Amino acid sequence: MTIDIPIYLKGEDLGEISKERPLRYIVRGVLVRAKEELPFESEVDRYEVTVENEKGQSVITANSTSLRYCIMKWGRDEQAWIDKTIILWTVKQNVMGKMKDVVYFAPEPEKKE
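Residues numbered from 1 in each chain as written. Predicted model: local features only at pLDDT ≥ 70, side-chain atom pairs only at ≥ 80, totals over all residues. Heavy atoms only, no water.

This brings us to the sheet that holds strand 4 (residues 85–95). The sheet built from 5 strands is open, its strands ordered 3-2-1-4-5 with antiparallel pairing. In this open sheet, the two edge strands, each paired with only one partner strand, are strand 3 (56–61) and strand 5 (98–107). Across this sheet, the average inter-strand angle for adjacent strands is 40 degrees, counted without regard to direction. The sheet contact formed by strand 4 and strand 5 spans 10 bridges and is antiparallel. Of the residues in strand 5, the one forming a bridge with T90 is V103. Each of strand 2 (46–53), strand 4 and strand 5 touches helix 1 (residues 64–74); the most contacted strand, strand 5, lies at about 5 degrees to it. (Pairing = 2+ DSSP bridges. Helix = DSSP H or I, 4+ residues; strand = E, 2+ residues; numbered from the N terminus. Axes fitted to C-alpha atoms, helices over the stretch in contact; angles between N-to-C directions. Contact = heavy atoms within 4.5 Å.)

As a further point, take the layout of surface pockets. What the largest pocket holds in volume is close to 890 Å³. Lining the largest pocket we find 25 residues, and of these F40, R46, V95, K100 and V102 sit closest to its centre. Looking at the lining of the largest pocket, the elements with two or more residues in it are strand 3, helix 1, strand 4 and strand 5. Per element, the largest residue contribution to the lining of the largest pocket is 6 residues, and it comes from strand 5. Looking at the lining of the largest pocket, its residues break down into 11 nonpolar, 7 polar and 7 charged. (1 Å grid on protein atoms, 1.4 Å probe; cavity = no way out; pocket = protein on both sides within 12 Å on 5 of 7 lines; lining within 4 Å. Points joined across faces, edges and corners; volume = space filled by probe spheres on them. Nonpolar A, V, L, I, M, F, W, Y, C, P; charged D, E, K, R; others polar.)

And the structure:
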């Protein structure tokens, strides 16, 4: 077994993406990370979603909005999310007094025929 250090996806590292021009990833895992273990200050435990694309695996710290999108589509059992495709985009927002590119994700919309 090899030990991989997770690569956290940060909005500022993703370039010019939007909800109209998102990136696509496959969900590979979901876990709860204790607030003390997070790579940033948080008042609560947070969900981390491991995702994969052609460049490899990364981790997204999920916000409540993104979690709601996925729960509405796939339910609350995280095993139902595995191997599903999500779209990922960023929104510029004020976070603790600083403007940041915040990462959002949702299930990939079904293709219309």
